[in-house]
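The primary structure of each chain is shown beneath.
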Amino acid sequence: MFIVTAEQMRAVDEHTIQKLGIPAASLMENAGRAIAEEVIRMCREGDVDRRSEQHACWNDVNGKRAHTGPGDRPAHGGDIIADPALVMEQPGDQQWYMLIGKGNNGGDGLVAARHLVEAGLGVTLVYADAPDALRGEAAVQRDAAAQIGIPALVHGREAVDFSRCTGIVDALLGTGSRGAPRGAYAALIEAANDSGKPVVSADVPSGLNADTGEVYEPCIQARVTVCLALLKRGLVQYPGASAAGRIVVRSIGIPARLAPEHGPSVRLLTEEVLRSALRVDTGRLRAPDGHKGTYGHVLLAAGSLPMSGAGLLSAKAALRAGCGLATWALPAALLPHVIGTVPELMLAAAADGDSGEWNAASADAVLRLAESRDVLATGPGLGRFKGDTDWLRRLWQHSDRPLVIDADALNMLADAGPTGPRDWGKRSAATILTPHPGEMGRLLGMSTPEVQRDRIGHAARYAREQGVTLVLKGARTVIATPSGEAYINTTGHAGMATGGAGDVLTGIIAGLLAQGLNAEQAAAFGVFLHGQAGERAALLRGDPASLLAGDIVDAL
Ligand SMILES: NC(=O)C1=CN([C@@H]2O[C@H](COP(=O)(O)OP(=O)(O)OC[C@H]3O[C@@H](n4cnc5c(N)ncnc54)[C@H](O)[C@@H]3O)[C@@H](O)[C@H]2O)[C@H](O)CC1
Ligand SMILES: [K+]
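Per an unreviewed UniProt entry, the chain goes by Bifunctional NAD(P)H-hydrate repair enzyme and derives from Paenibacillus pabuli. Regarding the chain, the relevant UniProt record gives this comment under Subunit (unreviewed entry): "Homotetramer."

Right, here's the structure in full:
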């Protein structure tokens, strides 16, 4: 599933109308109908009374539990399947308030109102602006609603009291919204939130930045968001993802495949995308006649005295991800401390003049060890040391192996200079960086909140400019490729925010690279697997908060 910006959505919309000749009115009709169907579904299934469903149910987006409309039950011979609007024989005394903005989002709300009236629901329109402010298709829908006799209030002219209504449809602001909601829009959003009634948002919750996921003050807190045509970036990035509630993406006649023609290709990372777009074929990872050499050898340069566990977690994760062999290189004096901790692991001592410090262990020693291995990964538990940026530069410039860079090695990279490591030259093999938002901020020379304000945008730009594959960790991890594509992960949970989880991810990605996956495949599949293993580990433990990074490795 493609994820678009508001501008990209507008361009795809225009293409559909201008080049394909599909009338704008048809798209608005489909949009409004999709919103009405969701409201009707909620009424039929009693969702409106279910207060617990406040947080996003991501599975609705990645298709595992998508609502398929009135035909959920398999049809048998002789069954008569009717529109949901026609089978609501006892809608009861459902009263829905429709908040109508003056743009096309409001037009969608007006179409939805017509369909809800048809289904027998009580509907009241609440215009944010005087109804004559509406233009084009939205004005056509305003007139149709008036002809049908749908009661209407205008904010500021009549009092609006939500206390007796069943639910609220938010069709105030959509992708044409700019900045924080103003005037009547802000007042209606606040009143809707304060009412405690379930809100169904049309396309995006009003008050959300549809591109970045930033929530303005105020912003609708939706129970459900019926996202129209294509998933918007702001709905998959926090805090927007929380404001959206459950997300239902509905097709309205705009071909989704047009999205990459009009902007960057950003996709939701699902099993389907891994198989089709990324061509990850797990069935081919293990040849029936393979031996340990077939599945590759990871060299990990990691760990220091206070953080030897990071190296252990990474190395173990690489093995669990399926590589044939893993060698952990560390300053020679540290080696006796870790012997036997992971018996399957090989250890390589980097001469350190008996100091136990990386500053005495040369980059050339690591390069020599890497020559006979397939992948080089560095960073976990490394710490900072004198001359470390030059140390990393030598690995960058002289290793022809795929290179995974994490943790403190990213901080060394941040010191490469204002234009970033691209000044070190183009590497002959792939480079994967796996920063958390703090490390990403150091790479970009900006604060962590600034990074978080537009995770997809920053990750995609850095990957393209620096020619690397970038994994921006955190809720909804972003995987961005040098060619400008991005994937947003759907697996994992907040329990995985625990020390060492990142080291595990580095190991998984290195382990997958060793088995022959390319950088894009290894990064995306690695992130997906890491999240799945975290979900599994939380189930086994019964409580996500008690998760340890080692549990993720064990659940792989
Ligand atoms: N996917 C599609 O192609 C389709 C989308 N539809 C719906 O249309 C909206 C986008 O409509 P648009 O008219 O461009 O913008 P909005 O309705 O979001 O509102 C713009 C309107 O609001 C005013 N405004 C902007 N920012 C603010 C603010 N911060 N405070 C107050 N007022 C604001 C601005 O002046 C404009 O007048 C999309 O989301 C879908 O819902 C189609 O219906 C089907 C095809
Ligand atoms: K809206």
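Trainee: Kindly report on the site of ligand 1, identifying the contributing residues and their values.
Mentor: Around ligand 1 sit 24 residues in total, of which Asp13, Asn105, Asp108, Gly174 and Asp203 are the nearest. Within the backbone of arginine 182, an N or O atom sits 3.0 Å from a nitrogen atom of ligand 1. Against a free-state accessible area of 880 Å², the protein chains account for coverage of 83% of ligand 1. Of all the elements in the fold, those that place two or more residues in the shell around ligand 1 are helix H1 (6-18), helix H2 (24-45) and helix H4 (104-118).

Trainee: I'd love a proper account of the coordination of the potassium ion (ligand 2), names of residues and values included.
Mentor: Only Asn105 (OD1), Asp170 (O), Leu173 (O), Ala202 (O), Val204 (O) and Ser206 (OG) from the protein reach the potassium ion (ligand 2) as donors, at distances of 2.6 to 3.1 Å. Coordination at the potassium ion (ligand 2) comes from six donor atoms whose angles at the metal span 68 to 171°, giving a geometry best classed as irregular. Of note, the donors binding the potassium ion (ligand 2) are all from one chain and are spaced N-x64-D-x2-L-x28-A-x1-V-x1-S. With asparagine 105 in helix H4 and valine 204 in the loop between strand E6 (199-202) and strand E7 (224-228), this residue pair connects regions lying 99 residues apart in the sequence. For valine 204, a relative accessible area of 1% corresponds to the buried category.

Trainee: Any chance you could break down the UniProt feature "binding site: AMP" (unreviewed entry) in the chain for me, citing the residues and the numbers?
Mentor: Here, UniProt's "binding site: AMP" (unreviewed entry) annotation points to Lys473, Gly474, Ala475, Arg476, Thr477 and Gly502. Maximum C-alpha separation among the annotated residues is 14.1 Å over a sequence range of 30 residues, consistent with a single clustered spot. Within the secondary structure layout, glycine 474 lies in the loop between strand E17 (469-472) and strand E18 (478-480). Relative accessible area serves as the criterion here: at 38%, glycine 474 is assigned to the partly exposed category.

Trainee: So what's going on with the confidence of the model for the chain? Which residues, and what values?
Mentor: Taken as a whole, the chain shows an average pLDDT of 91; of its residues, 92% reach a score of 70 or greater. Two numbers describe this predicted complex: its pTM, 0.91, and its ipTM, 0.98.

Trainee: Quick rundown of the environment of leucine 505? Include the residues and the values.
Mentor: Counting through the fold element by element, leucine 505 comes out in helix H18 (residues 501-514). For leucine 505, a relative accessible area of 3% corresponds to the buried category. Sequence separation between leucine 505 and lysine 473 is 32 residues; the distance between their C-alpha atoms is 9.6 Å. Leucine 505 has contacts with Val471, Lys473, Gly526, Val527 and His530, leaving out every residue within four places of it along the chain.

Trainee: Before we move on, can you summarise unusual backbone geometry with the specific residues and values?
Mentor: In most cases, non-glycine residues show a negative phi, while peptide bonds are predominantly trans. Going from glutamate 217 to proline 218, the amide bond is cis rather than trans, its omega being 0°. With respect to the helices and strands, proline 218 occurs in the loop between E6 and E7. Put simply, tyrosine 238 and proline 239 share a cis peptide bond, and its omega is 5°. Despite not being glycine, aspartate 203 shows a phi value in the positive range, around 70°. By the element assignment, aspartate 203 lies in the loop between E6 and E7. On the basis of relative accessible area, aspartate 203 is assigned to the buried category, the value being 8%. Although it is not a glycine, alanine 407 sits at a positive phi angle of roughly 50°. Position of alanine 407 among the secondary structure elements: in the loop between strand E15 (403-405) and helix H14 (408-414). Looking at alanine 407, the relative accessible area reads 16%, which means it is buried.

Trainee: Which residues make up the pairing of strand E11 (residues 297-301), and what values do they have?
Mentor: Burial within E11 is extensive, with five of its five residues counted as buried. Burial along E11 is two-sided: His297, Leu299 and Ala301 and Val298 and Leu300, pointing in opposite directions, are all buried. Judged from the five bridges that link them, E11 and strand E12 (residues 325-331) form a sheet pairing that is parallel. When the sheet's bridge partners are listed, leucine 300 is paired in E12 with tryptophan 328. Where E11 lies against strand E14 (residues 375-378), four bridges are found, and the strand directions are parallel. Bridged to valine 298 within E14 is valine 375.

Trainee: Quick one: what's the story with the environment of serine 483, residue by residue and with numbers?
Mentor: If you trace the backbone, serine 483 turns up in the loop between E18 and strand E19 (486-489). Each C-alpha atom of the pair serine 483 and valine 111 lies 41 Å from the other, and the pair is 372 residues apart in sequence.

Trainee: Give me the lowdown on the packing of helix H12 (residues 363-371) against helix H13 (residues 388-398), citing residues and values where you can.
Mentor: Contact pair H12 / H13: the axes reach a minimum separation of 9 Å and the direction vectors enclose 30°. With respect to H13, the axis of H12 lies roughly parallel. When you trace H12 past H13, the crossing you get is right-handed. Across the interface between the two elements, Ala363, Asp364, Val366 and Leu367 from H12 touch Trp391, Arg394, Leu395 and His398 from H13. In terms of residue class, the contact of H12 with H13 is built from five nonpolar, one polar and two charged.

Trainee: An account of the nonpolar core is needed here, citing residue identities and associated values.
Mentor: One finds Leu269, Trp358, Trp391, Leu392, Ile405, Leu413 and Leu433 to be the most contacted residues of the largest nonpolar core, which totals 112 residues. Considering every element that reaches this core, the biggest residue donor is helix H19 (residues 519-541), with 10 residues. Setting aside its immediate chain neighbours within four residues, isoleucine 405 contacts Thr378, Leu392, Trp396, Leu410, Leu413, Thr431, Ile432, Leu433 and Thr434. Counting residues in each nonpolar core, the second largest holds 46 residues, with Met9, Ala34, Ile100 and Leu134 among its members.

Trainee: Which residues make up the sheet that holds strand E16 (residues 431-433), and what values go with them?
Mentor: For sheets, the rule is that strands pair by backbone hydrogen bonds, running either parallel or antiparallel. Judged by pairing direction, the sheet is mixed, and its 10 strands sit side by side in the order E10-E19-E18-E17-E16-E15-E14-E11-E12-E13 without closing on themselves. A single partner strand is all that each edge strand has here, and the edge strands are strand E10 (266-269) and strand E13 (346-350). Recorded for the sheet is a direction-independent mean angle of 20° between the axes of neighbouring strands. Sitting on the sheet, H12 touches E11, E12, E13 and E14, and the angle it makes with E11 is about 170°. On top of the sheet, H19 reaches E10, E16, E17, E18 and E19; it is set at about 15° to E17, its chief contact.

Definitions and cut-offs
Residues numbered from 1 in each chain as written. Chains lettered and ligands numbered in written order. Predicted model: local features only at pLDDT ≥ 70, side-chain atom pairs only at ≥ 80, totals over all residues. Heavy atoms only, no water. UniProt positions renumbered as here; feature names shortened; annotations may be inferred. Near = heavy atom within 4 Å. Polar contact = N/O pair within 3.5 Å; in protein donor to acceptor, adjacent residues only side chain to side chain. Areas by Shrake-Rupley, 256 points an atom, 1.4 Å probe, with all protein chains shown as cover. Helix = DSSP H or I, 4+ residues; strand = E, 2+ residues; numbered from the N terminus. Donors = N, O, S within 2.8 Å, 3.2 Å for Na, K, Ca; no water. Tetrahedral: all angles 85-135°; square planar, octahedral: opposite > 155°, others 65-115°. Buried < 20%, exposed > 50% of the residue type's maximum accessible area, 1.4 Å probe, protein only. pLDDT = per-residue confidence, 0-100. Contact = heavy atoms within 4.5 Å. Pairing = 2+ DSSP bridges. Axes fitted to C-alpha atoms, helices over the stretch in contact; angles between N-to-C directions. Parallel < 35°, antiparallel > 145°, perpendicular 65-115°, else oblique. Left-handed = near helix turned anticlockwise from the far one by under 90°. Nonpolar A, V, L, I, M, F, W, Y, C, P; charged D, E, K, R; others polar. Core = buried A, V, L, I, M, F, W, Y, C linked by side-chain atoms within 4.5 Å.

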